[in-house]
Amino acid sequence: MPGLNKLQIIGHLGSDPELRYTGSGTAVANLSVATDAPMKDDPEWHSVTCWGDLAEIVDEHLSKGERIYAEGPVETRQWEDPDGNTRHTTELHADEVLFLGAAVKEGGRPPGEPNSKARETAGAGNQGSGQETFEPDDELPF
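Residues numbered from 1 in each chain as written. Predicted model: local features only at pLDDT ≥ 70, side-chain atom pairs only at ≥ 80, totals over all residues. Heavy atoms only, no water.

Concerning helix α1 (residues 52–61)
And then number 1: Buried residues of α1: Leu-54, Ala-55, Val-58 and His-61, and no others. The buried residues of α1 occupy an angular sector of 155 degrees when projected down its axis, which confines them to one face.
And then number 2: As for α1, its buried residues are in contact with β2 (18–21), β3 (27–35), β4 (44–51) and β8 (96–99). (Buried < 20%, exposed > 50% of the residue type's maximum accessible area, 1.4 Å probe, protein only. Helix = DSSP H or I, 4+ residues; strand = E, 2+ residues; numbered from the N terminus. Arc of directions from axis to C-beta. Contact = heavy atoms within 4.5 Å.)

So, the pairing of strand β7 (residues 86–93)
And then number 1: Sheet topology places β4 next to β7; three bridges connect them, and they run parallel. The residue bridging Thr-49 from the neighbouring strand is His-93, located in β7.
And then number 2: Examined bridge by bridge, strand β6 (residues 74–80) and β7 share seven bridges and lie antiparallel to one another. Across the sheet, the residue bridging to Glu-75 is Glu-91, located in β7.
And then number 3: In this structure, the hairpin formed by β6 and β7 is closed by a connection of five residues, where Gly-84 is found at a positive phi of approximately 90 degrees. (Pairing = 2+ DSSP bridges.)

Some thoughts on the pattern of salt bridges
And then number 1: Taken as a whole and judged by the stated rule, the model has four salt bridges.
And then number 2: The closest approach of N and O atoms between Lys-6 and Glu-71, which form a salt bridge, is 3.0 Å. Of the two residues, Lys-6 sits in the segment before β1 (7–13) while Glu-71 sits in strand β5 (residues 67–72), which places them 65 residues apart along the sequence.
And then number 3: Under the relative-accessibility criterion, Lys-6 is labelled partly exposed at 46%.
And then number 4: Residue classification places Glu-71 among the buried positions, given a relative accessible area of 6%.
And then number 5: The salt bridge involving Glu-91 is made with Arg-77; its shortest N-O contact spans 3.1 Å. In this pair, Glu-91 is assigned in strand β7 and Arg-77 in strand β6, connecting sequence segments 14 residues apart.
And then number 6: On the basis of relative accessible area, Glu-91 is assigned to the buried category, the value being 8%. (Salt bridge = Lys/Arg side-chain N within 4 Å of Asp/Glu carboxyl O.)

A word on the confidence of the model for the chain
And then number 1: Scored by pLDDT, the chain has a mean of 79; 71% of the residues are at 70 or more.
And then number 2: β2 holds the highest mean pLDDT among the elements of the chain, 97, whereas helix α2 (residues 116–124) holds the lowest, 37.
And then number 3: Here residues 104–142 scores under 50 on pLDDT; set against residues more than four positions off or in separate chains, the count is 53 contacts. (pLDDT = per-residue confidence, 0-100.)

As structure tokens, this is what we get:
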């Protein structure tokens, strides 16, 4: 029986997205997202990676401090650092991102409007306006 590998997070960006391109020209954006950690005073930090058009969209429209929803599979990869030590990184490979914050980079998407890929998810579980608004002081239910 196959398993399920999917993570969903809601949190704030700890820095602006970091956009780069692979040797073949594919866009890759790395996000650092802070979520509330139960029973801890400090946030839990998550590495989120977006690929292709989604990477370019998040780079163009998101900035540090904004609140986002991201979902996708989790992948752990390893590499060797310059000192010869084996390192591991666990990342959420986002296949959907919703923009929940009010601020966007100048000239970007209006506040609260999700990207086109995420629009289907925004309306799926919300029968009202099709969008859910979060206030910065709201507490998350976890």
